[in-house]
Structures are given as C-alpha cells and as structure tokens.
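# Inside the fold
Here's the letter readout for the chains.
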Amino acid sequence: MAKKAINVGIIGFGTVGTGTARILIENADIIQRRLGAPVVLKKISDLDVKRDRGIALGNVQLTTSAQEILTDPDIDVVIELIGGYKPAKEFILEAFRNKKHVVTANKALLAVHGEELYAAAEKAGVTLGYEASVAGGIPILAAVRSGLAANNIESIYGIVNGTCNYILTLMTNAGRKFDEVLKEAQAMGYAEADPTFDIEGIDSAHKLAVLTMLAYGTPVKFDDIYTEGISKITPLDIDFAKDLGYKIKLLAITKKVNGEIEARVHPTMLPETYPIATVDGVFNALAVVGDAVGSTMFYGRGAGDMPTGSAVVSDVISIGRDILAGSVGRSPITAFRDRKVLKIRKMDDITSCYYLRFSALDKPGVLSRITGVLGKNNISISSMLQKGRKVDEAVPIVMMTHEAVERDVRKALEEINKLDCVSGATVVIRVEDGSK
Ligand code: HSE
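Residues numbered from 1 in each chain as written. Predicted model: local features only at pLDDT ≥ 70, side-chain atom pairs only at ≥ 80, totals over all residues. Heavy atoms only, no water.

## What about the overall build of the protein chain?
In terms of helices and strands, the protein chain carries 14 helices and 17 strands. Over its C-alpha atoms the protein chain spans a radius of gyration of 24 Å, differing by no more than 12% from the 22 Å that the globule rule assigns to 436 residues. Taken over the C-alpha atoms alone, the protein chain extends approximately 85 × 45 × 35 Å along its principal axes. Counting only residues that meet the buried cut, the protein chain has 54% of its 436 residues in that class. Long-range pairs, those at least 24 residues apart, make up 73% of the contacts in the protein chain between residues at least 6 apart in sequence. Approximately 18,900 Å² of the protein chain is accessible, and the part contributed by carbon and sulfur atoms is 52%. Placing the 52 positive and 53 negative side-chain charges of the protein chain at their respective mean positions leaves the two points 2 Å apart. (Helix = DSSP H or I, 4+ residues; strand = E, 2+ residues; numbered from the N terminus. Rg over C-alpha atoms; globule rule 2.2 N^0.38 Å. Buried < 20%, exposed > 50% of the residue type's maximum accessible area, 1.4 Å probe, protein only. Contact = heavy atoms within 4.5 Å. Areas by Shrake-Rupley, 256 points an atom, 1.4 Å probe, with all protein chains shown as cover. Lys, Arg positive; Asp, Glu negative; His and termini not counted. Charge placed at Lys NZ, Arg CZ, Asp CG, Glu CD.)

## Topic: the site of the ligand
The environment of the ligand is formed by Lys107, Asn161, Gly162, Thr163, Tyr190, Ala191, Glu192, Asp198, Asp203, Lys207, Gly302 and Ala303. One nitrogen or oxygen atom from the side chain of Lys207 is found 2.8 Å from an oxygen atom belonging to the ligand. Here the ligand, which alone exposes 260 Å², has 92% of that area covered by the protein. If you list the elements that add at least two residues to the shell around the ligand, you get α7 (162–173) and α10 (202–216). Of the residues belonging to the shell around the ligand, the class tally is 3 nonpolar, 4 polar and 5 charged. (Near = heavy atom within 4 Å. Polar contact = N/O pair within 3.5 Å; in protein donor to acceptor, adjacent residues only side chain to side chain. Nonpolar A, V, L, I, M, F, W, Y, C, P; charged D, E, K, R; others polar.)

## Digging into the packing of helix α4 (residues 88–97) against helix α5 (residues 107–124)
Between two packed helices, what matters for the description is the angle formed by their axes and the separation of those axes. Between α4 and α5, the shortest axis-to-axis distance is 9 Å and the interhelical angle comes to 10°. Taken together, α4 and α5 sit at an angle that is classed as roughly parallel. Contacts between α4 and α5 involve Ala88, Lys89, Ile92, Leu93 and Phe96 from the former and Leu109, His113, Glu116, Leu117, Ala120, Ala121 and Ala124 from the latter. In the contact of α4 with α5, the residues fall into 9 nonpolar, 1 polar and 2 charged. (Axes fitted to C-alpha atoms, helices over the stretch in contact; angles between N-to-C directions. Parallel < 35°, antiparallel > 145°, perpendicular 65-115°, else oblique.)

Now the structure itself:
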C-alpha cells in the first residue's frame, strides 16, 4: 500500500528542535502540498519535557527517552538535534540499524565522524540529511550538491560563524571590546555551548570540513584543516585595516590548487568593497566560484531556531519525496558516486598576501633591517604604514606584502621577532584581494 504520511521524531527540544517543531506544525499545509503527503511530528524527546516552548504541540508525544523514538516502528525519519559527539553518534547509528533516515544539524559530529556515518547510512539503505549543519538557513549544501553539480568548484569563501561576525562587526563599526560583544552574542543564543568553538574558529572549521567533503568528493580529516580564530584580533589591527581600505572577517576558505585542496579558517583582510566584506552582524555568507557558472553568492541567517529549522525541514521534505517515490538513495549522501582522496595542502605551502604589524623602535636603520630579512626570504612589500612617533618606545609599523609563500613568511618572522629593535611577536593577518 502506498505510504500516506511521513512520520518523524525529534531528539533534542532545544533552540533548533523548537524551531523545527514549530515549522513542522505551523507550516504543515505548505509542506503537505509540496510533498503530496503530510509530515507528522509524532514524538519529541528531551531531558526537559516540562519547559513551555510556546508551541501548540497538539498530538505530539513528549518523552524523556530517545529510545522511544529510535525504536518506534512508525517513525520514518529521526531528527537528531542534541549536538555533540556522545550520545548523538550512537543515536544516529542506532536509527540507521533500525532502517530510519536521519536528519542532523550536528556539524561537529560530521566533521569528525562523518565518514563512518555516511558509510553506515549507505549500508543500511537509508539517507542522512545534513543541510542544517552548515550556515543554518542558507541552502548552501543543496546548492553545491545540486544547483552547481555541473561545475568544477574552484573555491568557496565563507563567513559561517555568526558569533564571530557579530563580534568583528561591532568591534569595527562601534569600536566595542571583544569580551563585551561576545557576551551579547551568547545572550542572543548564537554561540556554541562552548564559545571557544566559535571564537577559536573550530565551529567554522567543522562547517568547512563538511563543505570541502561535499564540494570536492573527498574525505576530509578534520585535523588537516588549519584553524585560527579571532581572539587575538585587536582594535589596533581593525583600525589599520580600515585605514588601508580593508575589513577583517573570519573566513572559511576551501579551494582547489593544482589538484590539491586548501582548507583553512583564519581572520582575513578583505577589500571593504568586496560583497562578502559587507556582510555584517550575525549574518553568514558564502561566495562559491564554479568553472562554468563563475561567481555566486549566498547570504542569510546562519543560526537560530527558525532559520536552522528551515534547513532541517527541507531535508525532511527531500527524504519524504524519495520515500514516496521509492527512490531512496537517488542522490548519494556525499554528493559523489565516485570519490577520490585529495590531499589537503600543508599550511606552509599556501601562498597569500600578508598584513604584518611589527612593534619596532622608531630609529634609523630599523626598517632596513626588517625589510632586509623579508627580502632575503622572497617577500616583497607592496605598502607600508606607520602611525605615531615615540622616543625609546616601540611603535606599530604595518607592511602589506605581495603574494608570498607561508613557509617563507614564518621563517622571516622567526628571525625578525628576535631582532633587538623589535618587541613582541609580529601580528600576521592573511589578505585576499586578488591583486597579488
Ligand atoms: N555558533 C554558531 C554561530 C551557530 O555562531 O554561527 C550555528 O552553527
């Protein structure tokens, strides 16, 4: 007998679980019209089933036991929204064993254990949907998987952490302090349970691992992704960037260079006129370049109950369509039938332009000693800026370089940081401006 409804259960009734439930209930009509059958939210499990989430749950059963969902023979799709590694991974594997499809927003889990989960789902003949794991409500994975499937992806540049973008925006536009703004972002419900995941770039790297895997059809070892956060960005560097016509953004970058992949997360200086540099506040944005399509840009809310719920429910509808059409497995979970292992380049081997801020004494011969070391290491300077003048005290001196090899920059700075006229470690920010 043809299936009449798609039954779902949600594990985790937190921010995203609440948004997902709300969408499934309040948008039930439009979902049914798109799918041709109702999506029925049967059960929600959470340790806390008492708190009022402000939704009219109707016949939805609340339970404190995830097992009630994982073993319910009527449930077709399990939505995992508890986050973290344990017990999320065990729950998902159990759902697969019980022949249930799974939808998750769990980027940390996918970044580290994705390969095991993709293989387990395929083996069980079920699907794993993870649109919500990257950039919340922006349908970026669908775009890379389907809309841009004709292309060799050349690069993806993404602002994929709203917390960092909010902090950098307020530091830039309002001259606010890092710690103070972080507290606000946490209060707004954007930050991860452990906010170091946000500010140290780990959350962005989790998302980049998923994007890279999907864009290039390669397994990605999470530890191969270079990750640097925004906690060391100072108002001084933000001001220098402004003077030079740049903005500092935390970017997740993946690109293919000579058959290898660059996958890195770090603060990046971008010309302030670049579209992605104009993306402010908690918003996310991704610029994807394909060889056929050229440049594309995706913008929207990367976190929050309803935007992330929107992505979760889109996966439920997509899985529902395949169930109803008898075409489960039509689109491979990893977007490629034929995957190839591509090497992730070592950070030492990448090339970039650089912003270097030295703290150096303002006296004759200092500049030539610094530029001498840079020149010896094949680093060419494109512009220089010094602000203020102090006798017998270090002043900030900024140099912008032409394209250089990271290994050379590190070697040069090791030597420069030891010069007696230089105090403190030199600040390094990579620059993307296409001008070389
Ligand atoms: N902590 C993340 C952010 C939430 O700030 O964007 C969405 O993954």
